[in-house]
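One letter stands for each residue in the lines below.
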Amino acid sequence: QVQLVESGGGLVQAGGSLRLSCAASGSIFSTNTMAWYRQAPGKQRELVAYITSRSTTDYADSVKGRFTISRDNAKNTVYLQMNSLKPEDTAVYYCRYNGVTIYWGQGTQVTVSA
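Since we're looking at a predicted model, the values are computed, not measured. (Residues numbered from 1 in each chain as written. Predicted model: local features only at pLDDT ≥ 70, side-chain atom pairs only at ≥ 80, totals over all residues. Heavy atoms only, no water.)

A. Expanded view of the pattern of salt bridges. In the structure shown here, the tally under the stated rule is four salt bridges. A salt bridge links Asp89 to Arg38, with the shortest nitrogen-to-oxygen separation between them at 3.0 Å. Here Arg38 lies in strand S4 (residues 33–39) and Asp89 lies in the loop between strand S8 (77–82) and strand S9 (91–98), a separation of 51 residues in the sequence. Pair check on accessibility: Asp89 and Arg38 agree, each one buried. A salt bridge links Lys64 to Asp61; the shortest N-O distance between them is 3.1 Å. (Salt bridge = Lys/Arg side-chain N within 4 Å of Asp/Glu carboxyl O. Helix = DSSP H or I, 4+ residues; strand = E, 2+ residues; numbered from the N terminus. Buried < 20%, exposed > 50% of the residue type's maximum accessible area, 1.4 Å probe, protein only.)

Spelled out as structure tokens, the structure:
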């Protein structure tokens, strides 16, 4: 069993920043790709960013240059640094553990006001 706990969401004005954290337990964290997804009201859940066990990363086009995903294996934690936030970034953000079995965090709300 893998447990993922997200934190760091909240309300921020456009142009501001937030850092999301996802702490994992019950797994060999360093061997797996981790990802952040988001789901806005009325839209499908979409991939925002991922980071592999070798710390290679990729991002959705909509967040490139603004968001940075990173991981701290010693803390079993993956982060999403979100800068220059836009109202269209408003969504529930979910952490995903990409093992043979997929695990999701409970989600953390990010709301960006104009």
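Read on for the rest.
B. Just the packing of aromatic side chains, in detail. One pass over the full model with this rule turns up three aromatic pairs. Between Tyr37 and Trp104, the aromatic rings sit 5.1 Å apart at their centres with planes inclined by 70 degrees, giving edge-to-face as the arrangement. In this pair, Tyr37 is assigned in strand S4 and Trp104 in strand S10 (residues 102–104), connecting sequence segments 67 residues apart. Taken together, a centroid distance of 6.4 Å and an interplanar angle of 90 degrees make the contact between Tyr94 and Trp104 edge-to-face. Of this pair, Tyr94 sits in strand S9 while Trp104 sits in strand S10, and the two are 10 residues apart along the sequence. The exposure class of Tyr94 is buried, given its relative accessible area of 14%. For Trp104, a relative accessible area of 33% translates into the label partly exposed. Clustering of aromatic rings is evident, with ring pairs tying together Tyr37, Tyr94 and Trp104. The ring of Tyr94 carries the charged tip of Arg45 above its face, separated from the ring centre by 3.7 Å. (Phe/Tyr/Trp six-rings, centres within 6.5 Å; stacked < 30°, edge-to-face > 60°. Lys NZ or Arg CZ within 6 Å of the ring centre and 35° of its normal.)

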